[in-house]
Structures are given as structure tokens and as C-alpha cells.
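Residues per chain are reported as follows:
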Amino acid sequence: MALRTIRTMGDEVLTKHCREIKEMTPRIRELIDDMVETLYEANGVGLAAPQVGVLKRVAIIDVGDGPIVLVNPVILETSGEQFGSEGCLSLPGKAGDVSRPNYVKVRALDQEMQEFELEGTELLARAICHEVDHLEGHMYVEKVQGGLYDVEFEEEA
């Protein structure tokens, strides 16, 4: 495993639509492992492949229960609404208020290319939407209401 460089806003790769993954190859497995390591090193909640410069439809999310690998995710259903602060590893030190669904149901493949469905509310729902947006070439700043603001992250002891 290796840490990957997180691309930041302004990098053209973050505006591109990602390609579907047809088969699980050693390179895709390595990408997933590297993304998990990179996510944890950056103290993030989610990371999508374009954020590390790879235009493949894979994202990693961890809201505190361990990593969830989403290969070729498709949002099937949303409901409700939540409004709150959102940030992104590709725009460090900034956040903005974004409206997202409070409930999301997604279909994806796991690392073994087995299909599964995942339902999430609150932070998990927000993270799923955020990462799927990345796979479509969109960043949360397109949805921010009221502008971006600076945030400070506390260092862990």
C-alpha cells in the first residue's frame, strides 16, 4: 500500500466523468488499498478515485464503522433533506453549507465484484452523495449556499 497525492480544486481530473470498472484487477485492488490508506492519513470521511488522479468509478467511505468500498455506485433512492457544513479533501481548509438528502440508497459492487445495496442516513447519506458527485466530475462547491468559509482541523495527540 502507498499514499496517493490528493488532487486539489483546479485540477482538471476533478471535472471528468469516471469510467465504469468492468473487472477487479490487481491494479484496481491496489488502488482501493491505497485509497483507504490515503483517506485515513488525511483524516477524511470519503475519497473518490478522481481525487487521486484515477478516472475509475470507485469510492471509499468511512463514517466511523470501517471502510466501505463502492465500485460503480448508483444512487437508487433519496428522501428527506439535511442542510449543513461540508468539506472536501480536495479543498483543504474550506467548508460550505450544502443541502443533501437525509436518506440515500445506493447499489454498488464490493471488492469481489459482488453487488450489494447500502442504505444510509445523515453523515453516511451525505458522504455517499458527495463521493458519487466526484465520480460524475462535480464538487460540492457547486452546491454551496452562502459561500465557502475557513475551517481549522484539530491535530490528534
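Residues numbered from 1 in each chain as written. Predicted model: local features only at pLDDT ≥ 70, side-chain atom pairs only at ≥ 80, totals over all residues. Heavy atoms only, no water.

A look at the side chain of D133
With respect to the helices and strands, the residue D133 is situated in helix α2 (residues 122-135). Given the relative accessible area of 15%, D133 is considered buried. Among all residues touching D133, those that are not within four sequence positions of it are R100, H138 and K143. (Helix = DSSP H or I, 4+ residues; strand = E, 2+ residues; numbered from the N terminus. Buried < 20%, exposed > 50% of the residue type's maximum accessible area, 1.4 Å probe, protein only. Contact = heavy atoms within 4.5 Å.)

Re the pattern of salt bridges
Under the defined criterion, the tally for this structure stands at twelve salt bridges. Its salt-bridge partner being K22, residue E20 comes within 3.6 Å of it at the nearest N-O pair. By relative accessible area, K22 is classed as exposed at 69%. The network of salt bridges with common partners includes E86, R100, R126, D133 and K143. (Salt bridge = Lys/Arg side-chain N within 4 Å of Asp/Glu carboxyl O.)

Description of the pairing of strand β4 (residues 82-87)
Two elements, β4 and strand β5 (residues 94-100), share six bridges in a ladder whose sense is antiparallel. Each bridged residue has a counterpart across the sheet, and for F83 the counterpart in β5 is S99. With antiparallel pairing between neighbouring strands as the criterion, β4 and β5 make up a hairpin whose turn holds six residues, including G93 at a positive phi of roughly 80 degrees. (Pairing = 2+ DSSP bridges.)

Overview of the sheet that holds strand β1 (residues 46-48)
A sheet is described by the order of its strands in space; here five strands give the open sequence β1-β2-β3-β6-β7, paired in antiparallel fashion. For this open sheet the edge positions go to β1 and β7 (115-121), each flanked by a neighbour on one side alone. Shown here is a sheet whose adjacent strand axes are inclined to one another by a mean of 35 degrees, direction ignored. Across seven bridges, the pairing between strand β6 (residues 103-109) and β7 is antiparallel. (Axes fitted to C-alpha atoms, helices over the stretch in contact; angles between N-to-C directions.)

Looking at α2
Taking 1.5 Å as the rise per residue, α2 with 14 residues should run 20 Å; its terminal C-alpha atoms sit 20 Å apart, in good agreement. Of the residues making up α2, those classed as buried are L124, A125, R126, A127, I128, C129, H130, E131, V132, D133, H134 and L135. One or two residues past the end of α2 sits G137, with phi positive at roughly 85 degrees. (Expected span 1.5 Å × (residues − 1).)

Brief notes about unusual backbone geometry
Backbone geometry at N43 places phi at a positive 55 degrees, although glycine is not the residue there. Looking at the secondary structure, you find N43 in the loop between α1 (26-41) and β1. Backbone geometry places E122, a non-glycine residue, at a positive phi of 50 degrees. Among the structural elements, E122 can be located in helix α2.

As for the nonpolar core
Within the largest apolar cluster, 16 residues are counted, with the highest numbers of intra-cluster contacts made by L31, I32, M35, V58, I60, V69 and V71. Going through the elements one at a time, α1, β2 (58-61) and β3 (68-79) are the ones with two or more residues in this core. Per-element accounting of this core gives the leading share, six residues, to α1. If we ignore the near neighbours within four places in the chain, the residues touching I60 are I32, M35, V36, L39, V45, G46, L47, P67, I68, V69 and E131. A48, A59, L135 and M139 belong to the second largest nonpolar core, which has 13 residues in total. (Core = buried A, V, L, I, M, F, W, Y, C linked by side-chain atoms within 4.5 Å.)

Describing the side chain of H130
By the element assignment, H130 lies in helix α2. Sequence-distant contacts of H130, that is, excluding residues within four places in its chain, are made with E86, G87, C88, R100 and Y140.

Quick look at the sheet that holds β5
Sheets are built from strands that pair by backbone hydrogen bonding, the pairs being arranged parallel or antiparallel. Spatial strand order, β4-β5-β8: three strands in an open sheet with antiparallel pairing. Both edges of this open sheet fall to β4 and β8 (145-150), since each of them pairs with a single strand only. On average, adjacent strands in this sheet sit at an angle of 30 degrees to one another, irrespective of strand direction. Contacting β4 and β5, α2 runs over the sheet at an angle of about 60 degrees to β4.

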